[in-house]
Amino acid sequence: MATMGKSNLSREDIKSADTDEKETLLEHDSEPDEDMIFNRPSTSNGTGRVDGKMDSVKIQIREVTDVMRDNVKKVMERGERLEDLQDASDRLAMAGNQFRDAAKKAQRRAWLQNVKSRIIIISITLTIIIFIVVLDILALYLVLR
């Protein structure tokens, strides 16, 4: 009975080993824990065929965890970049609001200056017209007198 086949492992044994493996992988994420998981004693009865399959499963699990770690790193980096972009967008929005406010103030100042200059021109024109009319009336009064 030195070479036991796959048929000696019950489905229950495989499911419980799979569940234990999943729980251990999900609960622990550090390298020492990983080493403990991958180097723990085999649940098989010491057969070479089952150990080979277990080794290949362990290698696949390592590869999957490496890929997942890379994916998590990429997601974290993407999140950081998105936060940086959000901060830059917020700064640009604030600068845009400040620019809009400054432009409105400048527009009001220009309008007020335009109104003032028109008032000055109209008052000077009216003063000249009144001065001419008063001089004409005064001249007529002196001539007719």
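Residues numbered from 1 in each chain as written. Predicted model: local features only at pLDDT ≥ 70, side-chain atom pairs only at ≥ 80, totals over all residues. Heavy atoms only, no water.

(A) Layout of the overall build of the protein. Within the protein one finds 3 helices and 0 strands. Along the protein, helices and strands appear, N-terminal first, in the series α-α-α. Within the protein, the proportion of its 145 residues that are buried is 9%. Pairs at least 24 apart in sequence give 43% of the contacts found in the protein among residues at least 6 apart. A total of about 12,800 Å² of accessible surface is found on the protein, and carbon and sulfur atoms cover 61% of it. (Helix = DSSP H or I, 4+ residues; strand = E, 2+ residues; numbered from the N terminus. Buried < 20%, exposed > 50% of the residue type's maximum accessible area, 1.4 Å probe, protein only. Contact = heavy atoms within 4.5 Å. Areas by Shrake-Rupley, 256 points an atom, 1.4 Å probe, with all protein chains shown as cover.)

(B) Up close: a nonpolar patch on the surface. A cluster of nonpolar side chains, namely Ile122, Leu126, Ile129, Ile130, Val133, Val134 and Ile137, defines an oily patch on the protein surface of about 650 Å² accessible area. With respect to the secondary-structure elements, Ile130 resides in helix α3 (residues 48-143). Judged by its relative accessible area of 52%, Ile130 is exposed. (Patch = residues over 30% accessible without salt bridge, like charges linked within 9 Å, V, L, I, M, F, W, Y side chains within 5 Å. Salt bridge = Lys/Arg side-chain N within 4 Å of Asp/Glu carboxyl O.)

(C) Up close: a negative patch on the surface. On the surface, a cluster of negative charge is made up of Glu77, Glu80, Glu83, Asp84, Asp87 and Asp90. Take Asp90: it is sitting in helix α3. (Lys, Arg positive; Asp, Glu negative; His and termini not counted. Charge placed at Lys NZ, Arg CZ, Asp CG, Glu CD.)

(D) Region of interest: a positive patch on the surface. There is a patch of like positive charges on the surface, built from Arg100, Lys104, Lys105, Arg108 and Arg109. Its location among the elements puts Arg109 in helix α3. Judged by relative accessible area, Arg109 falls into the exposed class, the value being 58%.

(E) Layout of the confidence of the model for the protein. Scored by pLDDT, the protein comes out at a mean of 81, with 72% of its residues at no less than 70. Within the protein, helix α2 (residues 31-38) has the poorest average pLDDT of any element, 52, and α3 the best, 92. Of the regions scoring below 50 in pLDDT, residues 1-6 engages in 4 contacts with residues more than four places distant in sequence or in other chains. (pLDDT = per-residue confidence, 0-100.)

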